[in-house]
Amino acid sequence: MISSVLPTYSRAPLSFVQGEGSWLVEADGRRFLDLGAGIAVNALGHAHPALTAALTQQAGQVWHLSNLYQIPAQQTLADKLVDLTFADTVFFTNSGTEACELAVKMARKYWFEKGEDRTEIITFDGSFHGRSAAGIAAAGSEKMTRGFGPLLGGFTHLAFGDHDALTAAISDKTAAVLIEPVQGEGGIRPVPDQCLKGLRDLCDEHGALLILDEVQCGVGRTGKLFAHEWAGITPDIMMVAKGIGGGFPLGAVLATENAALGMTAGTHGSTYGGNPLGCAVGNAVLDIIATDAFLSEVNRKAGLLRQKLEGLVADNPEVFESVRGAGLMLGLKCKVTNSDVVQAGYGQAILTVPAADNVIRLLPALNIADDDIATAINKLDAAAKSLVKS
Ligand code: PLP
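These lines cover the structure that appears in this document, whether it is placed above or below. All chains use their own residue numbering, which begins from 1 and follows the written sequence. Totals for whole chains, interfaces and linings use every residue, but because this is a predicted model, local features are given only for residues with pLDDT of at least 70 and side-chain atom pairs only at 80 or more, for both listing and counting. Excluding hydrogens and water, the side-chain values take into account all heavy atoms of the structure.

Among the five residues that make up strand E10 (residues 209–213), five are buried, leaving the element largely enclosed by the rest of the structure. Burial classes follow relative accessibility: with a 1.4 Å probe on protein chains only, a residue under 20% of its type's maximum area counts as buried, one over 50% as exposed, and anything between as partly exposed. Strands are runs of DSSP state E lasting at least two residues, helices are runs of H or I lasting at least four, and both sets are numbered from the N terminus onward. Of the two faces of E10, the one carrying Leu209, Ile211 and Asp213 and the one carrying Leu210 and Leu212 are both buried. By the bridge criterion, four bridges tie strand E7 (residues 174–179) to E10 in an arrangement that is parallel. Bridging from a neighbouring strand, Val177 pairs with Leu210 of E10. Strands are labelled as partners when DSSP assigns at least two bridges between them.

Here is the structure:
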């Protein structure tokens, strides 16, 4: 008999009932060190007092307002994002997937308004942009699309890192190029800064829009507010979600005025997008993360974790091959099956997340304590050793 929850996930038999910073408490009382953070969502850990206060204060005022009216918390958050980034304008969503939907619509509408027949969007193997019709068509993997056809057309999929294929594929018919600066689900694969720069140049050469998907790698995760800042480039459109809500469902599409030129009244909408609760939390998250002091701590912690992970790999050569990633978006390429390592982690009360390319992802809270970094290494070491013994 089908389970009452649609069985689209293979879930671990773990039920967490309480969260405190980087720790989750299981129903049986065991405390787990959370290096997954809800897949890069709980950017400030669980039950952060400033986020709880912002949410409960807003909950006592007004929960929901239609976008038919001004929403003060939404306006404040949009102003902050515009001040902090390349963007001139922001649309709020409830998820990364919805951000993908709008990014695709915005790019196509741009060319429609310009009177040009440009609908083709270039994407890359191993990418992940969500599970909607546009999201799965954009990523294009057999695993995500099988049985869900007919797929939304107009996507050209290129091999990740194949510069020649990109140069050959991009043309004056390309509407946009859509890319994650660091692939998350694809196995923590950063796009080198030089390649992002080259991609920006190629887009400019052909007039194509550059859409960055920073749903997983954005909001401080790599040690800059947004990952593309490392390369010194800016996109035309950017998708954001996960960390921006710190655990409350919140996403956004940021765009330049030019890229957004087709998005006039009535062209897009959302009942819940930009609701007061989500935006109150988003404001609290940004007030903490978008400061030099916080981001420099992320970089320090990232250096510490990475250094210790290199030691872990050296100490467990039968289990781990290498460390990869950027900032606190790190991956351990495994020699044994990655899901076995995740499973062995459960035995040591530590949570990691599997990704493609036989990688386990480490996406801790950005404010993880140094002591918890040390504890994480001990637990991962014990998990690795348990696999070699058995
Ligand atoms: N884009 C990227 C890079 C993601 O990692 C994800 C989710 O993992 C999405 C889009 C989809 O976001 P959501 O699950 O919030 O719809």
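In this section: the layout of surface pockets. Of the grid points, spaced at 1 Å and generated over the protein atoms alone, those admitting a 1.4 Å probe that cannot get out make up cavities, while open sets with protein on both sides within 12 Å along at least five of seven lines make up pockets; any residue with an atom within 4 Å of a point is treated as lining. Grid points are joined across faces, edges and corners, and a volume is the space filled by probe spheres set on the points. Its boundaries defined by the atoms lining it, the second largest pocket holds a volume of some 680 Å³. As for the second largest pocket, its lining consists of 28 residues, and the residues nearest its centre are Gln74, Thr89, Val90, Phe91 and Phe92. Take the lining of the second largest pocket: its biggest share by element is six residues, from helix H3 (residues 72–84). Side-chain classes follow a simple rule in which Ala, Val, Leu, Ile, Met, Phe, Trp, Tyr, Cys and Pro form the nonpolar group, Asp, Glu, Lys and Arg form the charged group, and the remainder, Gly included, forms the polar group. In terms of residue class, the lining of the second largest pocket is made up of 15 nonpolar, twelve polar and one charged.

Next up on the list: empty space enclosed by the protein. What the rule picks out here adds up to one cavity of 30 Å³ or more. Empty space within the largest cavity amounts to approximately 40 Å³. In terms of lining residues, the largest cavity is bounded by Ala40, Ala43, Val215, Gln216, Gly218, Val219, Arg221, Lys242, Gly243 and Leu366. Of the residues in the lining of the largest cavity, the class split is five nonpolar, three polar and two charged.

With mixed pairing, the seven strands of this open sheet are ordered in space as E4-E12-E11-E10-E7-E5-E6. Each edge of the open sheet is held by one strand with a lone partner, namely strand E4 (89–93) and strand E6 (155–158). Taken over all neighbouring pairs, the strand axes of this sheet differ in orientation by 20° on average, direction set aside. One ladder, built from five bridges, connects E4 with strand E12 (residues 251–255); its direction is antiparallel. Looking at E12, one finds that Phe91 is bridged to Val253. The strands touched by H3 are E4 and E12; relative to E4, the strand with the most contacts, the crossing angle is about 130°. Any pair of residues with heavy atoms lying within 4.5 Å of one another is described as a contacting pair. Lines fitted to the C-alpha atoms define the axes, with helices restricted to the stretch that makes contact. Angles between their N-to-C directions range from 0 to 180 degrees. Contacting E7 and E10, helix H8 (residues 193–206) runs over the sheet at an angle of about 145° to E10.

This part covers the nonpolar core. Note on soluble globular proteins: their nonpolar side chains tend to be buried together. Counting residues in hydrophobic clusters, the biggest one holds 74 residues, and the most contacted among them are Leu254, Ile289, Leu309, Phe320 and Leu332. Broken down by element, the residue count for this core peaks at eight residues, all from helix H10 (residues 292–315). Beyond its immediate stretch of four places on either side in the chain, Leu254 contacts Leu81, Thr85, Phe86, Ala87, Thr89, Val90, Asp236, Ile237, Met238 and Val240. In plain words, nonpolar cores are sets of buried Ala, Val, Leu, Ile, Met, Phe, Trp, Tyr and Cys residues tied together by side-chain atoms within 4.5 Å.

For this analysis, a ring pair means two rings from Phe, Tyr or Trp (six-membered ring only for Trp) whose centres lie within 6.5 Å, classed as stacked if their planes differ by under 30 degrees, edge-to-face if by over 60, and tilted for the remaining angles. Under the criterion given, the structure shown has two aromatic pairs. Taking the centre distance of 5.3 Å and the plane angle of 75° together, the rings of Phe16 and Phe32 count as edge-to-face. Taken together, the residues Phe16 in strand E1 (residues 16–20) and Phe32 in strand E3 (residues 31–34) connect sequence positions 16 residues apart. Criterion for a charge above a ring: Lys NZ or Arg CZ within 6 Å of the ring centre, and within 35 degrees of the ring normal. One Lys or Arg, Arg189, reaches over the ring of Phe160 and ends 4.2 Å from the middle of that ring. One residue, Lys224, lies across the ring of Trp230, its end atom 4.7 Å from the ring centre.

Another aspect to go through is the site of the ligand. A single heavy atom is enough: if one lies within 4 Å of a molecule or strand, its residue is considered near that molecule or strand. Lining the immediate surroundings of the ligand are Ser95, Gly96, Thr97, Phe128, His129, Gly130, Glu180, Glu185, Asp213, Val215, Gln216 and Lys242. Polar contact is defined as a pair of N or O atoms within 3.5 Å, subject to the rule that within protein one atom must be able to donate a hydrogen and the other to accept it, and that residues adjacent in sequence are counted only when both atoms are side-chain atoms. Gln216 is positioned with one of its side-chain polar atoms (N or O) 2.7 Å from an oxygen atom of the ligand. Only the protein chains shown count as cover for residues, and all accessible areas are computed by the Shrake-Rupley method using a 1.4 Å probe. Notes on the ligand: free accessible area 390 Å², of which the protein chains cover 84%. Its residues assigned to classes, the shell around the ligand comprises two nonpolar, six polar and four charged.

Here we come to the side chain of Ser127. Among the structural elements, Ser127 can be located in the loop between strand E5 (120–124) and helix H5 (133–139). For Ser127, a relative accessible area of 6% corresponds to the buried category. Side-chain polar atoms of Ser127 contact the backbone oxygen of Phe124, separated by 2.7 Å. A distance of 3.4 Å separates polar atoms of two side chains, one belonging to Ser127 and the other to His129.

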